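Architecture at a glance
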Amino acid sequence: MEKKLIFGHKNPDTDSICSALVYADLKTKLGANVEPVRLGVINSETAFVLNYFQAKEPRLVETVANEVNEVILVDHNERQQSANDIEQVQVVEVIDHHRIANFETSNPLYFRAEPVGCTATILKKMYKENGVEIPKDIAGLMLSAIISDTLLLKSPTCTEQDVAAAHELAEIAGVDLQAYGLEMLKAGADLSDKTIAQLLSLDAKEFQMGNAKVEIAQVNAVDVNDVLARQSELEASISAIIAEKGLDLFVFVVTDILNNDSVALALGTATQAVEKAYNVTLVDNKAVLKGVVSRKKQIVPVLTDTFQAL
């Protein structure tokens, strides 16, 4: 049986890494020959999770066509967020919870996309649907992914399905949901040792919005000022990224995990889209986005609609 690789998006977050590990566990138990891999560096939050549940991090790959003919995508579907040579392999499955864009295949596939807060919430259903018991460590990985993607069930992307799944998985994993969740988020929000390049790439995604090429990077922080104190360095690096990639807009979002607000640092020729989308005025290239914590639900669709209306 030919092996398939399972992976999440570039600049992987906790859901992307954990979902690859979890789906590989399920597929293996169902008789498939699969391997979870990753397309980028493990962030500090995910490292905390893997260490806590003693899970081995997926192998790092830059290309996939040199290894396999078929792949399975989790936590993404947009081509620019996937492996660099994704066009050279056949995507046979997608498990995702994001918008569907820039995606097509030459052959039929299993495509499962649900409007929930986390890919792991979908995977939990799939264990049940296939009659496979969820091990303690796998439950911990799924729980961690949900906590990460929903900011401990506080994000507007969080659904009743996510809440129910999180409580059930916490019980299986043997952890206190709130205590573990806060400890995990704080581990990810410690940015003191991160370089400027790391801050801008830890969780960055590129999007096509109308005719505009946009990149949105996001970090979580306990105190946003710890990050924004380095604004001049951030802006210099962002400007270089814009020039290198030919971007129209780069938005760096610093999210306060305690107050559930964000500050957006926006550069490029299309910064007016941010002002129009959120009815704010950028001062020193920054604006507070009250109540905005989710890139998937509160940033990408709002900016996409704004660009299409420009």
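First, a word on scope: everything that follows refers to the structure included in this document. (Residues numbered from 1 in each chain as written. Predicted model: local features only at pLDDT ≥ 70, side-chain atom pairs only at ≥ 80, totals over all residues. Heavy atoms only, no water.)

1. Some remarks on the overall build of the protein
Filter applied, for reference: Strands are runs of DSSP state E lasting at least 2 residues, helices are runs of H or I lasting at least 4, and numbering of each runs from the N terminus. The size measure is the radius of gyration over C-alpha atoms, and the globule rule it meets is 2.2 Å times the number of residues to the 0.38 power. Classification of residues uses two cut-offs on accessible area relative to the type maximum, computed with a 1.4 Å probe and protein chains only: under 20% is buried, over 50% is exposed, and between them is partly exposed. Here, residues are in contact when the closest pair of their heavy atoms is within 4.5 Å. His is not counted, nor are the chain ends, whereas Lys and Arg count as positive and Asp and Glu as negative. By convention, charge coordinates are those of NZ in Lys, CZ in Arg, CG in Asp, or CD in Glu.
When you go through the protein residue by residue, the secondary structure sums to eleven helices and eleven strands. Here the protein has a C-alpha radius of gyration of 19 Å; the compact-globule value for 310 residues is 19 Å, and the two agree. Split into buried and exposed, the 310 residues of the protein put 58% on the buried side. Sequence-distant contacts, at least 24 apart, represent 65% of the contacts inside the protein between residues at least 6 apart. Charge separation in the protein, taken as the distance between the mean sites of 28 positive and 44 negative side-chain charges, equals 2 Å.

2. A closer look at the pattern of salt bridges
Short version of the rule: Salt bridge, as used here, is a side-chain nitrogen of Lys or Arg placed within 4 Å of a carboxyl oxygen of Asp or Glu.
In this structure the tally under the stated criterion is 19 salt bridges. Residue lysine 27 pairs with glutamate 93 through a salt bridge whose shortest N-O separation is 2.6 Å. With lysine 27 in helix H1 (residues 14-29) and glutamate 93 in strand S5 (residues 90-96), the pair connects residues that are 66 residues apart, well separated along the chain. Arginine 38 is the partner of glutamate 57 in a salt bridge, and the nearest nitrogen-oxygen pair spans 2.8 Å. Of the two residues, glutamate 57 sits in the loop between helix H2 (44-52) and strand S3 (59-60) while arginine 38 sits in strand S2 (residues 34-38), which places them 19 residues apart along the sequence. On the basis of relative accessible area, glutamate 57 is assigned to the partly exposed category, the value being 39%. Shared partners join several salt bridges into a network, and the residues in it are Lys3, Glu35, Arg59 and Glu67.

3. Considering the layout of surface pockets
Selection rule: A 1.4 Å probe that fits but cannot get out identifies a cavity on a 1 Å grid over protein atoms alone, an open set with protein on both sides within 12 Å along at least five of seven lines counts as a pocket, and a residue lines either if it has an atom within 4 Å of a point. Grid points are joined across faces, edges and corners, and a volume is the space filled by probe spheres set on the points. Each residue gets one of three labels, nonpolar for Ala, Val, Leu, Ile, Met, Phe, Trp, Tyr, Cys and Pro, charged for Asp, Glu, Lys and Arg, and polar for the others, Gly among them.
By volume, the largest pocket amounts to about 660 Å³. Together, 36 residues line the largest pocket, and Asp13, Asp149, Asp203, Gln218 and Arg295 are the ones closest to its centre. Among the elements of the structure, H2, helix H4 (136-150), helix H6 (177-189), strand S7 (204-209), strand S8 (212-221) and helix H11 (295-309) are those that each provide at least two residues to the lining of the largest pocket. Broken down by element, the residue count for the lining of the largest pocket peaks at five residues, all from H11. Here the lining of the largest pocket is built from residues that sort into nine nonpolar, 16 polar and eleven charged. A volume near 480 Å³ is recorded for the second largest pocket. Mapped onto the lining of the second largest pocket, the elements with two or more residues apiece are helix H7 (196-201), S7 and helix H9 (231-245).

4. Observations concerning the packing of aromatic side chains
Quick reminder of the rule: A pair of aromatic rings is counted whenever rings of Phe, Tyr or Trp (Trp by its six-membered ring) have centres within 6.5 Å, and the orientation is called stacked for planes under 30 degrees apart, edge-to-face for over 60 and tilted otherwise.
A complete count under the given rule lists six aromatic pairs for this structure. Ring centres of tyrosine 52 and tyrosine 180 lie 4.8 Å apart, and the angle between their planes is 55°; this geometry places the pair in the tilted category. Taken together, the residues span a long stretch of sequence, with tyrosine 52 in helix H2 and tyrosine 180 in helix H6 at a distance of 128 residues. On the basis of relative accessibility, which here comes to 40%, the residue tyrosine 52 falls in the partly exposed class. Of the residues examined, tyrosine 180 reaches a relative accessible area of 2% and is grouped as buried.

5. Describing unusual backbone geometry
Despite not being glycine, leucine 152 has its phi angle at roughly 60°, a positive value. Notably, asparagine 279 is not glycine yet its phi reads approximately 55°, a positive angle. Secondary-structure assignment places asparagine 279 in the loop between helix H10 (272-278) and strand S11 (286-289).

6. What to know about the sheet that holds S2
Spelled out, the test is: Being paired, for any two strands, means DSSP has found at least two bridges between them. Inter-axis angles, ranging from 0 to 180 degrees, are taken between N-to-C directions of lines fitted to C-alpha atoms, where helices are fitted over the stretch in contact.
The strand order across the open sheet built from six strands is S3-S2-S1-S4-S5-S6, with neighbouring strands paired in parallel fashion. Two strands close off the open sheet at either side, each with one partner strand: S3 and strand S6 (110-113). Relative to S6, S5 runs parallel, the two sharing four bridges. Following the sheet pairing, glutamate 93 is matched in S6 by tyrosine 110. Packing against the sheet, H1 makes contact with strand S1 (4-7), S2, strand S4 (70-74) and S5, and its axis sits at approximately 175° to S2.

7. Considering the nonpolar core
Quick note on the threshold: By convention a nonpolar core is built from buried Ala, Val, Leu, Ile, Met, Phe, Trp, Tyr and Cys residues, the set being connected through side-chain atoms within 4.5 Å.
Core analysis: the largest hydrophobic core is formed by 53 residues, its most contacted members being Tyr23, Leu141, Met142, Leu143 and Tyr180. For this core, the elements supplying multiple residues, two or more each, are H1, H2, S4, S5, helix H3 (119-129), H4, helix H5 (160-173) and H6. Ignoring any residue separated from it by four or fewer positions in sequence, one finds leucine 143 in contact with Ala166, Leu169, Ala170, Val175, Leu177 and Tyr180. With 24 residues, the next largest nonpolar core counts Leu249, Val251, Ala270 and Leu289 among its residues.

8. Remarks on the side chain of serine 16
Tracing the backbone shows serine 16 in helix H1. The contacts of serine 16, once residues within four sequence positions are left out, are Gly8, His9, Val74 and Asp75.

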